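# Secondary and tertiary structure notes
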Amino acid sequence: MDDSQTSIMILDDEPIVGKRLQPSLEKKGYEVEAFTSSKAALKRIEERSFDIVVTDLKMEGMDGMEFLTLVKEKYPDTEVIVITGFATMATARESFNKGAFDFLAKPFKLGEIVEVIGRAEAKRINHRQA
Amino acid sequence: MSVLDWIRRLFGSKKKEIIPFKILFAEFKKSLELNNQILDLIADANDKLSGDYIFDQRYIQYTCRKLADLVRQLIVTINHLTDQKYAALYYSFHGIEEDIETLLRGKILGQVKDYILPYAGISRALTDSVGGKNAHLAEIGNLLDHRIPDGFAITTEGFNLFLDENNIREKILAIGKSRHRNEIPVDEASRRIQHAVMEAEVPHKLRLEILTAAKKLCRRHKETKTTPCFAVRSSALGEDEISSFAGQYLSRLNIPINDISQAYKEVLASLYSPEAMEYRLLMDFRPHEIMMAVACQLMIPAKVSGVLYTYDPVRPQNETMIVNSAWGLGEPIVAGEVPTDHFVLDRRSPHEIREELIVHKTTTMVLRGCGGTGIDGVQEDLCLQSSLTAKQLRELAEIGMQLEKYFKRPQDIEFAIDRQDRVIVLQSRQLRLQQKRMPRACDLSDLKEKYPVLIGGRGISAMEGIAIGPAWVFSEDRNLNDFPMGGILVACHATPQLARVIHEAAGFVTDVGSTTGHLATVAREFRVPALFKTENATEVIADGEEITLDTECLTVYKGAIQELQYYAIQEEPIEEMYEYRLLRRVLKKIEPLNLIDPTAENFTPEGCRTYHDLTRFVHEKAVETIIDLNFYHAHHRDTQAGKLLWDFPLDLILIDVGGGIDGSHSQGVRPEQVTSVPMRAILDGMSYPGIWNMAPAGVDFSSFMSSLTRTTSVRSTSPEDVGRNLAVVSAEYTNINFRLGYHFTVIDAFVSDNILDNHIYFRFSGGVTETVRRSRRTRLLAKILSHYDFLCEVYGDVVVARLKKTNRERMMKRLFLLGLLVGFTRQLDVEMVSEETIDIFFNKIRIIMEQKYG
């Protein structure tokens with residue numbers, strides 16, 4: 001693994017999200033792993049850390065909020081970006097309270113998530129330098 | 001009593017009450033509002049196909065349900081306005097809604113009800129009915145004008161009939177499910193399903209239609225001395241898009257006319273081969289997507305057959321094409337059973353032969369009369385002779401490049417050379433390149449440092465993708481007919497007229513443009529990468545220079561960046577993802593507009609086949625209702641009606657519904673009293689000095705106007721005669737219905753400071769001369785309107801143009817233009833004696849517009 005490369009995990013139970021995001025983010029120089037099952041993603045989180053996690057809120061099996069909580073517990077430095085098709089202010093606020101970096105409503109443009117990821121990345125770098 | 005009558009009676013009991021005009025007009029405005037919301041939502045959904053968005057199935061469901069809700073409200077509104085006159089719209093609506101819900105559940109609806117479709121009537125829009133192989137081949141013949149075998153498709157509707165009449169659908173689904181749950185091995189599942197298919201009968205109706213279509217083909221090709229035989233080939237859904245399916249399904253060759261039905265069954269059965277079943281599981285095919293259309297083609301007695309790859313799949317960076325060929329029919333060549341001559345050609349014109357390997361060819365597959373094939377020895381002097389001439393190779397290479405540019409992907413093409421030495425395309429599908437040699441996406445992050453960037457990070461992507469080609473910078477003095485195949489069109493505005501080169505263009509780049517415009521929609525339909533709103537593309541890109549367009553990164557590079565090209569051709573095309581397939585399918589029930597001409601027979605509630613049709617129908621009827629109500633119910637006290645008094649003797653009645661006319665108008669309305677913003681601009685155009693002088697000599701304005709203004713009193717004449725010269729106006733709104741001579745014009749316009757509310761709708765029809773001149777006039781109007789950014793549809797004699805979401809100043813300019821056209825076009829079809837007149841009149845209008853607006 002290249003140390004300078006920012007690593008991103010994508011978790012969404014609809015396969016199209018990972019399928020579309022992964023190549024686009026890789027093209028921009030990120031190291032990306034995509035998951036459709038929260039179980040598999042959790043297992044992977046046990047094995048290694050990611051700089052940034054992008055997760056859906058409403059999924060079969062495990063709630064995205066729960067996943068967010070678990071990730072932040074294990075890796076407080078990991079920035080979590082929440083994406084969901086059921087955008088309401090309440091869920092947005094809740095995910096912020098649980099430590100989410102930002103919140104994006106589906107459908108979103110590739111450019112929008114790239115911008116949010118860029119900000120999360122900048123925050124991590126600032127944090128490290130501080 | 002029918003349900004319809006019952007509904008009418010239920011709602012019709014309050015009929016006698018006169019509803020104040022302002023309330024009706026508010027209701028009318030609500031219908032316009034809903035109309036716009038619906039059209040916007042449709043455009044947004046189409047925008048999602050650009051590949052620039054991440055969306056999921058939930059989004060598709062949400063959009064469909066939201067649209068259904070709005071359309072339902074719209075139907076309620078028109079029925080309020082018209083006293084339940086259009087209750088039948090609910091039936092059409094429910095039918096469409098039900099179809100969409102069916103699609104959302106994962107089922108596929110054929111786009112046609114026909115069991116048979118001749119190639120001449122097939123385009124890729126019918127892919128879900130005829131399968132990719134048929135659709136591609138038909139387009140190659142119909143649109144690109146290459147030789148293909150004549151034939152017809154047996155549609156998925158035919159397939160469904162076969163399953164349903166034989167009652168085997170549930171059985172097949174059940175066996176499939178057992179296989180998914182791993183209860184039975186795939187071989188067993190395959191064997192059982194294939195047995196069921198082969199035991200079944202081709203339904204009588206279908207058998208008859210196949211026979212009729214085949215006989216018709218035979219009659220069309222009387223030149224063949226012997227009775228023609230047929231090739232019966234698979235054209236399953238999804239088969240052509242994914243080349244790994246290649247060879248998994250059956251083709252039956254040289255079939256006599258009476259055996260086609262049996263061959264049809266065998267081809268259907270091959271849909272359930274163990275390999276195909278496993279592969280579909282892997283590709284996330286839903287059970288309802290598993291359908292087989294079939295191609296039935298006249299058999300080509302091939303002298304030579306072969307396969308052309310437009311890239312070397314193992315070494316794409318060599319920039320070569322590969323051809324393998326041998327004598328006789330293609331089957332053993334495609335199956336790799338016989339040695340073939342091997343040619344490596346340059347991808348670049350003139351496609352020089354880089355390598356040539358002529359093998360010893362000893363056997364050849366030939367037709368045996370009608371009904372079979374056999375293997376013969378090759379004539380001795382031909383064994384070592386090249387099966388293709390240099391000329392044929394060059395022709396093949398050119399066809400290959402053209403097909404690649406047209407389908408936007410490397411192609412794997414099967415071809416035959418017939419007895420007259422002509423190249424016939426038998427099949428063309430996407431060629432998959434070997435992925436391990438391809439650059440990975442993450443290797444591309446430093447391209448911007450390595451190559452000169454002309455545009456970086458500016459603009460919006462209307463269609464995702466990568467294109468390489470020569471830039472062709474469009475300007476007023478250039479003719480779009482000269483646009484080169486494979487060029488990248490660079491233009492100032494993303495105007496609808498540019499869509500004309502959609503089949504030739506590799507990409508579009510514009511300074512100005514929106515992702516919801518017409519050009520964007522067409523770019524997505526044909527998957528042509530498009531980057532709009534770059535601000536200065538026409539300045540920084542030089543005409544003729546080779547450029548690379550990467551819309552995802554909003555970047556244009558100078559030169560051909562091969563790494564990007566290789567990346568693009570190995571990336572999974574977004575259209576192969578289930579969600580894209582689903583969105584495309586539901587949009588087919590939402591977006592197409594079939595009701596174009598309000599005078600056409602199908603312009604009825606029953607004729608509405610999409611949400612767009614319903615929306616259009618309601619809009620038309622709402623406009624009509626408002627006008628009629630003011631003539632038939634002229635006693636409305638809350639509207640003011642008055643006749644326009646001006647120099648031109650035009651009987652125009654203005655109905656002011658609020659703020660459209662200043663002061664008293666009991667004696668008529670003077671032009672300066674008109675305060676309605678859109679109406680003013682139209683009147684300015686109509687009375688522009690000199691516009692009438694453009695009419696042909698000998699017919700001066702007053703004499704021609706008098707011919708249509710002989711009426712005396714508006715109120716005393718029937719609406720049919722004069723009621724059409726009517727304008728409903730308010731401060732920001734105008735709705736005009738003009739009947740000038742034989743021409744019928746409708747303008748509906750709303751102009752305010754809120755760009756989103758602004759719209760112009762223009763419809764023009766009628767004329768007195770023969771078709772050719774009328775068609776010239778129609779083309780002239782379309783040319784002028786497209787030039788001034790209208791979204792223009794031409795349907796026979798009718799021109800419909802729309803403009804939305806444009807700022808006040810630009811709207812005014814265009815309303816002025818419509819004013820010019822209204823006055824001017826009356827005589828046009830008389831004047832349009834030659835093709836050149838189109839350009840002459842076009843330029844005259846442009847000069848006036850320039851004089852007025854600079």
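Just so we're clear, the structure is a prediction, and the values are computed from it rather than from any experiment.

Cut-offs and rules
- Residues numbered from 1 in each chain as written.
- Chains lettered and ligands numbered in written order.
- Predicted model: local features only at pLDDT ≥ 70, side-chain atom pairs only at ≥ 80, totals over all residues.
- Helix = DSSP H or I, 4+ residues; strand = E, 2+ residues; numbered from the N terminus.
- Buried ≥ 20, exposed ≤ 12 C-beta atoms within 10 Å, placed from the backbone.
- Contact = placed C-beta atoms within 7 Å.
- Pairing = 2+ DSSP bridges.
- Axes fitted to C-alpha atoms, helices over the stretch in contact; angles between N-to-C directions.
- Expected span 1.5 Å × (residues − 1).
- Bend = angle between axes of the 7 residues up to and from the residue.
- Core = buried A, V, L, I, M, F, W, Y, C linked by C-beta atoms within 7 Å.
- Parallel < 35°, antiparallel > 145°, perpendicular 65-115°, else oblique.
- Left-handed = near helix turned anticlockwise from the far one by under 90°.
- Nonpolar A, V, L, I, M, F, W, Y, C, P; charged D, E, K, R; others polar.
- pLDDT = per-residue confidence, 0-100.

Here we take up the overall build of chain A. On a plain count of helices and strands, chain A comes out with five helices and six strands. Counted from the first residue to the last, chain A has its helices and strands arranged as β-α-β-α-β-α-β-α-β-β-α. For chain A, with 130 residues in total, the buried portion stands at 40%. Sequence separation of at least 24 residues holds for 56% of the intrachain contacts in chain A that already meet a minimum separation of 6.

In this section: the overall build of chain B. When helices and strands are tallied, chain B shows 27 helices and 30 strands. Classification of the 854 residues of chain B by burial places 45% in the buried group. Taking all contacts inside chain B whose residues are at least 6 apart in sequence as the whole, residues at least 24 apart take part in 66%.

All names here are of chain B. Within the open sheet, the six strands sit side by side as E10-E9-E8-E7-E13-E14. Their pairing is antiparallel. With one partner strand each, in any of the chains shown, strand E10 (353-357) and strand E14 (423-430) form the two edges of the open sheet. For this sheet the average axis-to-axis angle between neighbouring strands, irrespective of direction, equals 15°. Both strand E7 (residues 304-309) and strand E8 (residues 320-327) contribute to a ladder of six bridges, which runs antiparallel. When the sheet's bridge partners are listed, Leu308 is paired in E8 with Val323. Where helix H14 (residues 390-407) meets the sheet, it contacts E7, E8, strand E9 (341-346), E10, strand E13 (411-417) and E14, and its direction lies at approximately 140° from that of E13.

This part is about the pairing of strand E19 (residues 507-512) of chain B. All names here are of chain B. Pairing of strand E18 (residues 488-493) with E19 involves five bridges; the strand directions are parallel. Within the sheet, the bridge partner assigned to Ala491 lies in E19 and is Thr510. Alignment of E19 against strand E20 (residues 530-532), held across two bridges, turns out to be parallel. Paired with Val509 across the bridge in E20 is Leu531.

Residue and element names in this part refer to chain B. Its 16 residues give helix H5 (residues 127-142) an end-to-end C-alpha distance of only 15 Å, which falls more than 12% under 22 Å, the value for a rise of 1.5 Å per residue. The largest bend along H5 reaches roughly 75° and is located at Lys133. Counting buried positions along H5 yields 15 of 16 residues, so the element is predominantly enclosed.

For soluble globular proteins, nonpolar side chains are generally found buried alongside one another. All names here are of chain B. Val232, Tyr264, Ile488, Leu489 and Val490 are the most contacted members of the largest nonpolar core, which totals 128 residues. Among the elements that take part in this core, H14 stands out by supplying seven residues, more than any other. If near-sequence neighbours (up to four positions away) are discounted, Val232 is found in contact with Arg252, Ile255, Ile260, Ala263, Tyr264, Val267, Val294 and Cys296. With 93 residues, the next largest nonpolar core counts Val657, Met686, Ala727 and Leu818 among its residues.

Residues and elements named next belong to chain B. Helix H10 (residues 260-269) packs onto helix H8 (residues 186-199) with a crossing angle of 165° between their chain directions and a minimal axis gap of 9 Å. As the angle between them shows, H8 and H10 are arranged roughly antiparallel. Our pair here, H8 against H10, has a crossing hand that is right-handed. Facing H8, whose interface residues are Gln194, Val197 and Met198, H10 presents Lys265, Leu268 and Ala269. Partitioned by chemical class, the residues of the contact of H8 with H10 number four nonpolar, one polar and one charged.

Once that is clear, we can look at the environment of Thr55(A). All names here are of chain A. Tracing the backbone through its elements, the reader meets Thr55 in strand E3 (residues 52-56). Each C-alpha atom of the pair Thr55 and Ile83 lies 5.9 Å from the other, and the pair is 28 residues apart in sequence. When residues no more than four places from it in sequence are discounted, the contact partners of Thr55 are Leu11, Gly64, Phe67, Leu68, Val80 and Val82.

Contact residues are listed per partner, giving 18 residues for chain A and 18 residues for chain B. Among the elements of the structure, helix H1 (15-27) and strand E6 (108-109) of chain A are those that each provide at least two residues to the side of chain A that touches chain B. At nine residues, H1(A) tops the list of elements feeding residues into the side of chain A that touches chain B. Its residues placed into classes, the side of chain A that touches chain B shows seven nonpolar, three polar and eight charged.

What follows concerns the sheet that holds E19(B). Residues and elements named next belong to chain B. Taking strand neighbours across the sheet as the criterion, the eight strands line up as E15-E22-E21-E17-E18-E19-E20-E16 in an open arrangement whose pairing is mixed. The open sheet has two edge strands with one neighbour each: strand E15 (453-456) and strand E16 (460-463). Put simply, the sheet's adjacent strands are angled 30° from each other on average, direction ignored. Where strand E17 (residues 466-473) meets E18, three bridges bridge the pair, whose relative direction is parallel. Bridging across to E18, Val473 finds its partner in Val490.

The next subject is the packing of helix H3 (residues 57-81) of chain B against helix H4 (residues 89-104) of chain B. Residues and elements named next belong to chain B. Close contact between H3 and H4 brings their axes to 11 Å; oriented N to C, the two are set at 175°. The orientation of H3 relative to H4 falls into the category roughly antiparallel. Packed against H3, whose contacting residues are Ile60, Gln61, Cys64, Ala68, Val71, Arg72 and Ile75, the element H4 presents Leu89, Tyr90, Phe93, Glu97, Ile100 and Leu104 at the interface.

Residue and element names in this part refer to chain B. With respect to the helices and strands, Ile468 occurs in strand E17. On the basis of neighbour counts, which here come to 21 C-beta atoms within 10 Å, the residue Ile468 falls in the buried class. For the pair Ile468 and Ala506, spaced 38 residues apart in sequence, the C-alpha to C-alpha distance is 7.1 Å. Once residues lying within four places of it in the same chain are set aside, the contact partners of Ile468 are Thr548, Ala560 and Gln565.

The next thing to look at is the pairing of strand E25 (residues 726-730) of chain B. Consecutive side chains of a regular strand alternate in pointing toward one face of the sheet and then the other. All names here are of chain B. Buried residues dominate E25, accounting for five of its five residues. Burial of E25 is two-sided: the residues Leu726, Val728 and Ser730 facing one way and the residues Ala727 and Val729 facing the other way are all buried. As judged from the five bridges shared by strand E24 (residues 653-658) and E25, these two strands associate in the parallel manner. Counted as the bridge partner of Ile655 is Val728 from E25.

Turning our eyes to something else, we now look at the confidence of the model for chain A. Across chain A, the average pLDDT comes to 85, with 92% of residues at or above 70. Averaged pLDDT values for the elements of chain A fall to 74 in helix H4 (residues 89-97) of chain A and rise to 95 in strand E1 (residues 7-11) of chain A.

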